[in-house]
Amino acid sequence: AEPLARRAWEGSLRHFGPDHPRSLCASADLGLLLLARERPKEGEQLLRSALEGFQKQLGENHPQALSTAADLGTALFAAGRKEESLIPLRA
């Protein structure tokens, strides 16, 4: 699954650019996959990048931005970073 997700992410970046919502979705999807595969640093970085992009492009209250914030918060909580896990949800 990871090679396909990475290929989709890279293709989105090339075709649409890094700030396009499709590229941001691909980034968030790959980030979640990497978290599930116990690669938290890479996964968190992609989720944070996607969250920032969604907030910039679509607004902080857009459903996709809120969903990505919840995913990032869940990932941080699962990593034992309980206090930090609340920050994406407060933004």
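Numbers given for residues are sequential positions, taken from 1 along each chain in its written order. This being a predicted model, a pLDDT of at least 70 is required before a residue's local features are given, and a value of 80 or more before pairs of side-chain atoms are given or counted; all residues contribute to the totals for chains, interfaces and linings. Hydrogens and water are ignored here; the side-chain numbers use all heavy atoms of the structure.

**A word on the packing of aromatic side chains**
Heads up, the rule is: Two aromatic rings, drawn from Phe, Tyr or Trp (for Trp, its six-membered ring), form a pair once their centres lie within 6.5 Å of each other, and the interplanar angle then sorts them: stacked below 30 degrees, edge-to-face above 60, tilted otherwise. Criterion for a charge above a ring: Arg CZ or Lys NZ at most 6 Å from the ring centre, at most 35 degrees from the ring normal.
In total, this model carries zero aromatic pairs according to the counting rule given. Between Lys82 and the ring centre of Phe77, over which it is positioned, the NZ or CZ distance is 5.2 Å.

**Some thoughts on helix 4 (residues 63–78)**
What counts is decided by this rule: The secondary structure listing takes helices from DSSP runs of H or I that are at least 4 residues long and strands from runs of E that are at least 2 residues long, numbered from the N terminus. Here the expected length of a helix is defined as 1.5 Å per residue gap, with one fewer gap than residues. Note on exposure labels: buried denotes an accessible area under 20% of the residue type's maximum, exposed denotes more than 50%, and partly exposed covers the range between, all computed with a 1.4 Å probe on protein chains only. Here the arc refers to the directions that run from the helix axis out to each C-beta atom.
An ideal rise of 1.5 Å per residue puts 22 Å on 16 residues; helix 4 measures up with 22 Å between its terminal C-alpha atoms. Residues of helix 4 that are buried include every one of Ala65, Thr68, Ala69, Leu72, Gly73, Ala75 and Leu76, and no others. Take helix 4 and look down its axis: the buried residues cluster within an arc of 160°, on one side only. Helix 4 presents Pro63, Thr74 and Ala78 as exposed residues on the side facing more than 90 degrees away from its buried surface. Directly beyond the C-terminal end of helix 4, a positive phi value near 85° is found at Gly80.

**Some thoughts on the pattern of salt bridges**
Note that side chains of opposite charge can pair when their charged atoms are close. Put simply, the rule reads: One side-chain nitrogen of Lys or Arg within 4 Å of one carboxyl oxygen of Asp or Glu is enough to make a salt bridge.
Inspection of every chain in the model, using the stated rule, returns nine salt bridges. As a salt-bridge pair, Arg81 and Glu44 come within 2.7 Å of each other at their nearest N and O atoms. Taken together, the positions of Arg81 in the loop between helix 4 and helix 5 (82–85) and Glu44 in helix 3 (residues 40–58) put the pair 37 residues apart, joining distant regions of the chain. For Arg81, a relative accessible area of 29% translates into the label partly exposed. With a closest N to O distance of 2.9 Å, Glu84 and Arg81 form a salt bridge. Residue Glu84 is classed as partly exposed on the basis of its relative accessible area of 27%. Bridged by salt links that share partners, the residues Glu2, Arg6, Arg37, Arg39 and Glu42 form one connected network.

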